[in-house]
Amino acid sequence: MSLKAVKTLLEDNAKRTWNPLGVRESSCSEWARGLNLPERGETLLYTGCLYQMVPYIESFSKMLKKLESLGGTIFSVSLKLTIGLRRIGIDLSKILMIGVSKERYHRILRNIATSLRQAGVEFAYLREEPYNGVLYHDLGMDKLFEVQAMRIADKIKASGAKRVITVDPHTTYSLRQLIPEFVDDWNVEVVHYLELLHSKGYRGSPKGGVVAIHDPCYLARWNGILEEPRSLLESMSVEVREPEFTKKFTGCCGGPIESLFPTLASTIAEKRLHELKETGANRVVVMCPICLTNLGREAGKLGMEVLDLAEFLG
Amino acid sequence: MDISDVSKLLVKASRDPVLRTGLDRGISSYWKKRKAVLERYPYVLDLAEEVRRIKEDSVARMEELVNMAVESVERQGGRAYVAKTADEARRIIGEVVGTGKTIVKAKSMTTEELKLREYLIEMGNEVYETDLGEFLIQFLKTKPMHFISPAIHITREKVAEFLREFMKVEVDKDDIEGMVALVRKFLRDKYFRADVGISGANVFSADGGLFLIENESNIRLSISLPEKHIAVVGMEKVVPTMEDAWKVVEVITRFGGYKVTSYVSLVRGPAAENDLGPKEYHVIFLDNGRLNASKDPVLKETLYCLRCGACQYMCPVFGVVGGFWAGLSSAYSGGIGVMWEYITEDEVQASYHAFACLLCGRCKEACPMKIDQPKVLREIRKRLMEKL
Ligand code: SF4
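Each value, and the rule that gives it
Residues numbered from 1 in each chain as written. Chains lettered and ligands numbered in written order. Predicted model: local features only at pLDDT ≥ 70, side-chain atom pairs only at ≥ 80, totals over all residues. Heavy atoms only, no water. Domains from an automatic or database assignment. Contact = heavy atoms within 4.5 Å. Buried area = accessible area lost by both parts, 1.4 Å probe. Salt bridge = Lys/Arg side-chain N within 4 Å of Asp/Glu carboxyl O. Polar contact = N/O pair within 3.5 Å; in protein donor to acceptor, adjacent residues only side chain to side chain. Helix = DSSP H or I, 4+ residues; strand = E, 2+ residues; numbered from the N terminus. 1 Å grid on protein atoms, 1.4 Å probe; cavity = no way out; pocket = protein on both sides within 12 Å on 5 of 7 lines; lining within 4 Å. Points joined across faces, edges and corners; volume = space filled by probe spheres on them. Patch = residues over 30% accessible without salt bridge, like charges linked within 9 Å, V, L, I, M, F, W, Y side chains within 5 Å. Areas by Shrake-Rupley, 256 points an atom, 1.4 Å probe, with all protein chains shown as cover. Lys, Arg positive; Asp, Glu negative; His and termini not counted. Charge placed at Lys NZ, Arg CZ, Asp CG, Glu CD. Buried < 20%, exposed > 50% of the residue type's maximum accessible area, 1.4 Å probe, protein only. Near = heavy atom within 4 Å. Nonpolar A, V, L, I, M, F, W, Y, C, P; charged D, E, K, R; others polar.

## Considerations on the domain arrangement of chain A
All names here are of chain A. For chain A, the assigned domains are domain 1 (3–60 + 97–197) and domain 2 (204–312). If you average the C-alpha positions of domain 1 and of domain 2, the two centres end up 22 Å apart. Between domain 1 and domain 2, the residue contacts involve 25 residues of the former and 25 residues of the latter. Buried surface at the junction of domain 1 and domain 2, both sides included, amounts to about 2,200 Å², of which 68% is carbon and sulfur. The largest per-residue losses of area from domain 1 upon contact with domain 2 belong to Pro 169, Tyr 173 and Leu 194, which jointly make up 25% of the total buried on that side. Our count for the domain 1 to domain 2 interface comes out at two salt bridges. The salt bridge partner of Arg 104 is Glu 311, with a shortest N-O separation of 2.9 Å. Between domain 1 and domain 2 we count seven residue pairs in polar contact (both at pLDDT 80 or more) in total.

What follows is the structure, encoded as structure tokens:
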């Protein structure tokens, strides 16, 4: 695999669609259809498009793993091919997505939106939602991240928002810690939906059952959100079991390196699932789209199931 | 060199069941010890914060402190050298040692960085690693996988097989004490025969004290029986005072997972005319990229590292690939290993290996110095990406 080829692909997709996998901003906001959300307001729900990208990441990762098993050169060739194909008008992200459903991820976002409303929170949304840019930052592509950060900041400011509600740990961290580093006069309050539901004393409807809780690294360590998911689950009468490595010492799902090291990412996910299985629970609850996909992919082998906390909110 | 090379290497490591068994055993035992130690000595968390400030100050004053240390060593009758590069350090040590000598070595990552053992053997010397883990590393011809547990990847089954072959005796794989005794017996006369003892340093106080921490007593023997003692000290190891150094010692041992460390040696100079002990004491302060790093706003954090190994045990990538991460040609391992490699060894290899970090931050949580490895590794990525 060639790092240079990855860089070229990301830059190319970013230039064309403002998204590393070529997902359009208009399709990022599909989840909001039929919810009658306003486009302007003091409070804005901004998803960062991460949940929506999961099905794309899934297909992309499947392709990567196949290519990785075929060897490095093939990968670079196919990346070039990808760019070439697109130049003659074929869009990779569309091919990848043939027969893949986005329904699950839209439902997650709708559940979050509905719960917030039930808790008495009013909010707007962006009709064209920009990607959160985190992959660029992770890979050290700061120039690309800076451009994306400014785009996000502009759109959020233009919506009239003074407060932004986020739904995943990476976007939350980015808006709180990274955007201020790259964008001038960014003074928007950032609140994660779990923090907001918690502060409103929101209680979900009773669900019962037992889950092993997997704290996403960015939620627990980088944002310090620990008690909110637990108390929300308890309010729904869900029994929460803690693995040996939990809270600030939670174990990573492996997801962050899946674009460059897909096989290794799976191995790490599998090891983490074994730790979670030791709790005796076969259901795992996560609060992050990256954990959801990376753990979810390996869970079947171990007879386990991985759910996002927001899936309990329905 | 490209990402595919890193990926191939790490995938291969992750599929080695012997390596995984070793890592699983090592990690779970560390985690238990760590919890017990921090429960019993909760004050070391505050002490660690204090040591972080000591290290920040020391690294900012690195050159000044090393000069003070050089003066102290010389004043106490030793010889001190500052080596700019690995080559220079090897040349100095080579001259002090000569050829046809027997050398006993204490465990030291900095000498691994110099590939010193290989160099001295090449020069026609006999060299023995006296730390049990390092002894295995030497004769099984592998790399140290971890700062504290270099042989974490070598299972007792493997050790038994090796000893059977090496010592030509029957060995029971479940009799760990028996195996340890065999190696000890083999090493015993080496200490007495040795002309030179070589050690690293855990911390060095600028007012003239070399501190060495150990559990096996092999360091004490290595640095007191031979006529010459050579110590190799990374420049980042120097702190202002003895008192600071003791604090560092305490933090290293606690975060290494020990409730107590059996021995701490403090060396101030050569033995006096009619006393027992080495008559020659040589201290080599090694730069090899450290001084430049100390002036780099992001990289300098690496130099606060105490090499306690906590972050390696806690890293999810290390947990499945061990010291393959950073590359087998590097002395160093894991995310912190990539950082050290970038500063002191192979910048290109380190840059590609930097991409295997999850940026998950459990290392930072575990680290007594709260070193932000994700931040440094991301910076290394950035510097490579800008060049591509
Ligand atoms: S980075 Fe921190 S935890 Fe890791 S070896 Fe150094 S001091 Fe120990």
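Don't stop here, the text continues.
## Digging into the side chain of Arg290(B)
Residue and element names in this part refer to chain B. Checked against the element boundaries, Arg 290 lands in helix 13 (residues 290–294). Side-chain polar atoms of Arg 290 contact the side chain of Glu 113, separated by 2.8 Å. Residues contacting Arg 290, with those up to four places away along its chain left out, are Met 62, Thr 110, Glu 113, Gly 234, Met 235, Glu 236, Leu 303, Arg 307, Tyr 332, Trp 340, Ile 343 and Thr 344.

## Points about the layout of surface pockets
All names here are of chain B. Its boundaries defined by the atoms lining it, the largest pocket holds a volume of some 1,600 Å³. Considering the residues around the largest pocket, the lining is formed by 48 residues, among which Gly 133, Ile 148, Ser 149, Pro 150 and Glu 216 are closest to the centre. Considering each element in turn, the lining of the largest pocket owes the most residues, six residues, to helix 2 (residues 17–40). Put simply, the second largest pocket is a space of about 560 Å³. Surrounding the second largest pocket, 28 residues form its lining, Ile 137, Leu 140, Lys 141, Thr 142 and Lys 143 being those nearest its centre.

## Description of a negative patch on the surface
A cluster of acidic residues, Glu170(B), Asp172(B), Asp175(B) and Glu177(B), forms a negative patch at the surface. By relative accessible area, which is 44% here, Asp172(B) ends up partly exposed.

## Side note on the site of the ligand
Inspection of the region around the ligand gives 13 residues, with Cys305(B), Cys308(B), Gly309(B), Cys311(B) and Cys367(B) positioned closest. Grouping the amino acids of the shell around the ligand by side-chain chemistry returns 10 nonpolar, two polar and one charged.

## Brief notes about the pattern of salt bridges
One pass over the structure, following the stated rule, counts 52 salt bridges over all chains. Across the pair Lys162(A) and Glu42(A) runs a salt bridge whose closest N-O atoms are separated by 3.5 Å. On the criterion of sequence distance, the pair formed by Lys162(A) in the loop between helix 8 (142–158) and strand 2 (163–166) and Glu42(A) in the loop between helix 2 (25–28) and strand 1 (43–45) is long-range, its members being 120 residues apart. Each member of the pair, Lys162(A) as well as Glu42(A), carries the same accessibility label: exposed. Residue Arg383(B) is joined to Glu379(B) by a salt bridge in which the shortest nitrogen-to-oxygen separation is 3.0 Å. One end of the pair is Arg383(B) and the other is Glu379(B), both in helix 19 (residues 373–387) and four residues apart, which spans about a single turn. Look at the salt bridges and you will find they share partners, linking Asp142(A), Asp296(B), Arg378(B), Glu379(B), Lys382(B) and Arg383(B) into a network.

## So, the interface of chain B and chain A
Contacts between chain B and chain A engage 41 residues on the former and 35 residues on the latter. Across the chain B to chain A interface the summed buried area is about 3,300 Å²; carbon plus sulfur atoms make up 67%. Sorting the residues of chain B by area buried against chain A places Leu358(B), Arg362(B) and Met385(B) first, and these three jointly supply 19% of that buried surface. Here Arg378(B) ties to Asp142(A) by a salt bridge, and the two come within 2.8 Å at their closest N and O atoms. At the boundary of chain B with chain A, the tally comes to 13 residue pairs in polar contact (both at pLDDT 80 or more).

## Things to note about unusual backbone geometry
Although it is not a glycine, Cys49(A) adopts a positive phi angle of roughly 65°. By secondary structure assignment, the location of Cys49(A) is in the loop between strand 1 and helix 3 (50–70). Given a relative accessible area of 0%, Cys49(A) falls into the buried group. Even without glycine at this site, Ser217(B) takes up a positive phi of about 75°. Residue position: Ser217(B) is located in the loop between strand 6 (209–214) and helix 11 (218–224).

## A look at empty space enclosed by the protein
For the structure on display, the rule yields nine cavities of 30 Å³ or more. What the largest cavity holds in volume is close to 400 Å³. Surrounding the largest cavity, 24 residues form its lining, Ile57(A), Tyr131(A), Leu135(A), Glu258(A) and Ser259(A) being those nearest its centre. At the level of secondary structure, the elements contributing two or more residues to the lining of the largest cavity comprise helix 1 (3–17), helix 3, helix 4 (72–87) and helix 7 (134–138) of chain A. Ranked by residue count, the leading element in the lining of the largest cavity is helix 3 of chain A, at six residues. Each of domain 1 (3–60 + 97–197) and domain 2 (204–312) of chain A accounts for three or more of the residues forming the lining of the largest cavity. Considering only enclosed or pocket space, the second largest cavity measures out at about 120 Å³ in volume. As for the second largest cavity, its lining consists of 19 residues, of which Cys315(B), Trp325(B), Cys357(B), Cys363(B) and Gln373(B) are closest to the centre.

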